[in-house]
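# Structure at a glance
Here are the chains, one letter per residue:
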Amino acid sequence: MTKNIQLSFSGLSASVARDGFSKTGYILEIGGAEQSHVDLANPDHIFYEYLRRIGHLADLVAPAGQPMAAAHLGAGALTLVRYVQATRPGSRQIAVDIERELPSFVISQLPLPAGTDCQILIEDAAAAAPYLKGYLHAPEGIDLLVLDIFSGWSAPEHLTTPVFYTDLRDALAQEGMLAVNVGDDAGLTFFAAQARTLLETFEHVWCLTESSMLTAQHAGNLILVGSQRPLDADTRARLLAAGPHPASVLDTHELAGWVSEL
């Protein structure tokens, strides 16, 4: 049976229903659009392709079984929170969302895996960014920081600025990574703008995406990765092998050259 709730910030409705193709899978919809998928019996299974690519970044940051500090800006159905807990029990996590009713609704309908240590913060992402290390008691920084809010040019402008990205960069551990999910329309003008801002802010910026997105002729999702580490050959090969396929992985130089043509 579908469960519904009204969200006060956006005014949209949110609902949770079975996914229709598995016994333990559920879909979170917001405003009638699919937003997240959760498999309650297999929290380490990620259905959406773009989230799987971010999951592979978690695998780069910390070996399986080794706890990490992770922050999620844009909570959704807490799919990646579940993945981190399932693969790295004992991780300290925080999920930030501006929709006051959403996290409690999601957790009531789709309980988190046993032992999950995840703070819920109802706050604007930019306001929370400078304090994330303190919230997580991670003085050395955050291992994985996920920004999953954007949907093209409708994104809040204050979440697209160099100041915001600098706050996120400064929250990272030495080997930490920022993963930004950018949904965009054909032409990828919003993605290009975000890529340019990250390239000005981070020493190294990668891009993970489905190969056809490089034509800029389709709407879809691309993952920007900001870090202090370059994309070496072994890491590229690992990410390409992990998929989902067909996969493309661009390093900083390749990304800069591509977006200069968009």
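This one's a predicted model, so the numbers in the text were calculated from it and none came from an experiment.

What counts and what doesn't
- Residues numbered from 1 in each chain as written.
- Predicted model: local features only at pLDDT ≥ 70, side-chain atom pairs only at ≥ 80, totals over all residues.
- Heavy atoms only, no water.
- Salt bridge = Lys/Arg side-chain N within 4 Å of Asp/Glu carboxyl O.
- Helix = DSSP H or I, 4+ residues; strand = E, 2+ residues; numbered from the N terminus.
- Buried < 20%, exposed > 50% of the residue type's maximum accessible area, 1.4 Å probe, protein only.
- Phe/Tyr/Trp six-rings, centres within 6.5 Å; stacked < 30°, edge-to-face > 60°.
- Pairing = 2+ DSSP bridges.
- Axes fitted to C-alpha atoms, helices over the stretch in contact; angles between N-to-C directions.
- Contact = heavy atoms within 4.5 Å.
- Core = buried A, V, L, I, M, F, W, Y, C linked by side-chain atoms within 4.5 Å.
- Expected span 1.5 Å × (residues − 1).

## Some thoughts on the pattern of salt bridges
- In this structure the tally under the stated criterion is 5 salt bridges.
- The partner of Arg 236 in a salt bridge is Asp 251, with the nearest N and O atoms 3.3 Å apart. Of this pair, Arg 236 sits in helix α8 (residues 233–242) while Asp 251 is found in the loop between β12 (247–250) and α9 (252–259), placing the two residues 15 residues apart along the sequence. With respect to class, Arg 236 is no different from Asp 251; both count as buried.

## Some thoughts on the packing of aromatic side chains
- In the structure shown here, the tally under the stated rule is 5 aromatic pairs.
- Centroid distance Phe 164 to Tyr 165: 5.8 Å. Interplanar angle 40 degrees. Geometry classified as tilted.
- Owing to a relative accessible area of 0%, Tyr 165 belongs among the buried residues under this scheme.
- On the basis of an interplanar angle of 45 degrees and a centroid distance of 5.5 Å, the ring pair of Phe 191 and Trp 258 is categorised as tilted. Remark: Trp 258 occurs in helix α9 and Phe 191 occurs in helix α7 (residues 189–201); sequence separation between them is 67 residues.
- Taken together, the ring pairs in this structure connect Phe 21, Phe 47, Tyr 48 and Tyr 50 into an aromatic cluster.

## Considerations on the sheet that holds strand β8 (residues 142–147)
- Read across the sheet, 8 strands follow the order β7-β6-β5-β8-β9-β11-β10-β12 without closing on themselves; strand pairing throughout is mixed. Taken across any chain shown, the strands that pair with only one partner, and hence form the sheet edges, are β7 (117–122) and β12. Averaged over all pairs of adjacent strands, the angle between their axes in this sheet comes to 15 degrees, without regard to strand direction.
- Sitting on the sheet, α9 is in contact with β10 (204–210), β11 (220–227) and β12, with an inclination near 70 degrees to β10.

## Concerning the pairing of β10
- Among the 7 residues of β10, 7 are classified as buried, and the element is accordingly described as predominantly covered.
- Alternating residues of β10 divide into His 204, Trp 206, Leu 208 and Glu 210 and Val 205, Cys 207 and Thr 209, and every residue in both groups is buried.
- Across 6 bridges, the pairing between β10 and β11 is antiparallel. Pairing of Cys 207 across the sheet is with Leu 224, part of β11.
- With 4 bridges connecting them, β10 and β12 associate as antiparallel partners. Paired with Leu 208 across the bridge in β12 is Val 249.

## Quick look at the sheet that holds strand β4 (residues 33–39)
- The strand order across the open sheet formed by 4 strands is β1-β2-β3-β4, and the pairing between neighbours is antiparallel. On the outer flanks of this sheet lie β1 (3–6) and β4, each paired with one strand and no other. Here the strands of the sheet are splayed against their neighbours by 20 degrees on average, with no regard to which way each runs.
- Along the sheet, helix α3 (residues 102–109) contacts β1, β2 (13–18) and β3 (25–30); its crossing angle with β2, the most-contacted strand, is approximately 15 degrees.

## Some thoughts on the environment of Gly 226
- Within the element layout of this structure, Gly 226 appears in strand β11.
- Look at Gly 226 and you get buried, because its relative accessible area is 0%.
- Taking C-alpha positions, Gly 226 is 8.2 Å from Val 180, a pair spaced 46 residues apart along the chain.
- Contact partners of Gly 226, with chain neighbours within four places excluded, come to Leu 172, Gly 176, Met 177, Leu 178, Leu 198, Phe 202 and His 204.

## Brief notes about the nonpolar core
- One finds Leu 132, Leu 145, Leu 168, Phe 191, Leu 224 and Leu 255 to be the most contacted residues of the largest nonpolar core, which totals 43 residues.
- Beyond its immediate sequence surroundings of up to four residues, Leu 168 is in contact with Leu 73, Ala 129, Leu 132, Leu 145, Leu 147 and Leu 178.
- Grouped together as the second largest cluster of nonpolar side chains are 27 residues, Leu 51, Val 61, Leu 239 and Val 249 included.

## Some points on α7
- Counted at 1.5 Å a residue, the expected span for α7 with its 13 residues is 18 Å, and the 19 Å between its end C-alpha atoms agrees.
- Of all the positions in α7, only Phe 190, Phe 191, Ala 192, Gln 194, Ala 195, Thr 197, Leu 198 and Thr 201 are classed as buried.
- On its buried face, α7 is in contact with α6 (162–171), β9 (172–184), β10, β11 and α9.

Treat this as a map of the structure, not an account of what it does.
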